[in-house]
Amino acid sequence: MDDPRSLHSYFLSVIAIALFTTALGTPAHAQCLGDRWVAIDGIDIGNDCHDSALPCGSLNHAIAMACDLETVRVGEGDYVEDVVIDHPVNVHGTGHILLTHVQGSGTTDAVKILSSNVSWGNLTVWHTPGHALMRVGDPAHPNLRGIQLENATFRESSLGIVLDSTGYDEAM
């Protein structure tokens, strides 16, 4: 590869492979690394949430960093945020369910699941008066499938879980 033309061709090939890989669906925001970690004292800025010793501070950031079907592991604590799950991920608490809480801001539903193949478990969702603790689907995201709620607690709200526009497959 001492010939400049060979070196030039080599670099063009590397760039073409990188662009092709990105076009195939490799997330531009993060590598598919496995579990993502969240802790009440974590930091979101510049963090891909992959290291359990350096967790993110919010569920939404960890969900955004997670590749499809990866698991977001949530440490004990009180998380005040409106969680939106817009792609297939697993979100599970790592500690005691009664010590791992998600509370919405009070302006909208506490948790919105807008994708099929989502798992939510070992978490308590509470204190979101006037809004749903969890909403599965909406008119823009109908017919969701493969939603699993495992060992989850929903309490202290006027609305619990709302299955909104999930419909059914008419071919069934």
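Residues numbered from 1 in each chain as written. Predicted model: local features only at pLDDT ≥ 70, side-chain atom pairs only at ≥ 80, totals over all residues. Heavy atoms only, no water.

## Comments concerning the overall build of the protein
Note the following rule: Numbering goes from the N terminus for both helices and strands, where a helix is a DSSP run of H or I of at least four residues and a strand is a run of E of at least two. When a residue's accessible area, from a 1.4 Å probe over protein chains only, is under 20% of the maximum for its type it is buried; when over 50% it is exposed; and in between it is partly exposed. Throughout, a residue-residue contact means that at least one pair of heavy atoms, one from each residue, lies within 4.5 Å.
From N to C terminus, the protein includes two helices and 13 strands. Residues counted as buried form 37% of the 172 residues belonging to the protein. Summarising the internal contacts of the protein: among those between residues at least 6 apart in sequence, 56% fall at separations of at least 24.

## Section: the sheet that holds strand β4 (residues 83-85)
The test is simple: Whether two strands pair comes down to DSSP finding at least two bridges between them. Helix axes are fitted only over the stretch in contact, all axes being lines through C-alpha atoms; the angle between N-to-C directions runs from 0 to 180 degrees.
A sheet is described by the order of its strands in space; here four strands give the open sequence β4-β7-β10-β13, paired in parallel fashion. In this open sheet, the two edge strands, each paired with only one partner strand, are β4 and β13 (159-163). Between one strand and the next, the sheet's axes are offset by a mean angle of 10°, whatever the strand orientation.

## Focus on the state of the cysteines
Under the convention used in this document: Throughout, disulfides are identified as pairs of cysteine sulfur atoms within 2.5 Å of each other.
For the coordinates displayed, the defined rule picks out two disulfides. The partner cysteine of C32 in its disulfide is C67, sulfur to sulfur 2.2 Å. Judged by the sign of its S-S torsion, about -100°, the bond between C32 and C67 is left-handed. Here C67 lies in the loop between α2 (59-65) and β2 (71-74) and C32 lies in the loop between α1 (4-23) and β1 (36-38), a separation of 35 residues in the sequence. Here C49 engages in a disulfide with C56; their sulfurs sit 1.8 Å apart. Disulfide C49-C56: the torsion about the S-S bond is -90°, which places it as left-handed. There is no split in this pair, since C49 and C56 are both buried.

## Re the confidence of the model for the protein
Rules: Values of pLDDT, ranging from 0 to 100, describe the predictor's confidence in every residue of the model.
On average, the protein scores 84 in pLDDT, and the residues at 70 or more come to 78%. With pLDDT under 50 throughout, residues 10-29 is counted as low confidence; its partners more than four residues away or in other chains account for seven contacts.

## Some remarks on the pattern of salt bridges
Filter applied, for reference: Any Lys or Arg side-chain nitrogen located within 4 Å of an Asp or Glu carboxyl oxygen qualifies as a salt bridge.
Under the criterion given, the structure shown has five salt bridges. In this structure, R73 engages D35 in a salt bridge whose closest nitrogen and oxygen atoms are separated by 3.0 Å. Taken together, the residues span a long stretch of sequence, with R73 in strand β2 and D35 in the loop between α1 and β1 at a distance of 38 residues. Here R155 ties to E156 by a salt bridge, and the two come within 3.9 Å at their closest N and O atoms.

## Section: unusual backbone geometry
Positive phi, close to 60°, is recorded for N117, a residue that is not glycine. Along the polypeptide, N117 turns up in the loop between β7 (111-113) and β8 (118-121). Of note, E156 is a non-glycine position whose phi angle comes to about 60°, a positive value. The residue E156 is located in the loop between β12 (153-155) and β13 in this model. Using a relative accessible area of 43% as the deciding quantity, one classes E156 as partly exposed.

## Some remarks on the sheet that holds β2
Sheet architecture is open: five strands sit in the order β1-β2-β5-β8-β11, paired in parallel fashion. Two strands bound the open sheet, and with one partner strand each, they are β1 and β11 (147-150). Mean inter-strand twist for the sheet, computed between neighbouring axes without regard to direction, equals 15°. As paired elements, strand β5 (residues 90-93) and β8 share three bridges and run parallel to each other. Opposite V91, over in β8, you have W120 as the bridge partner.

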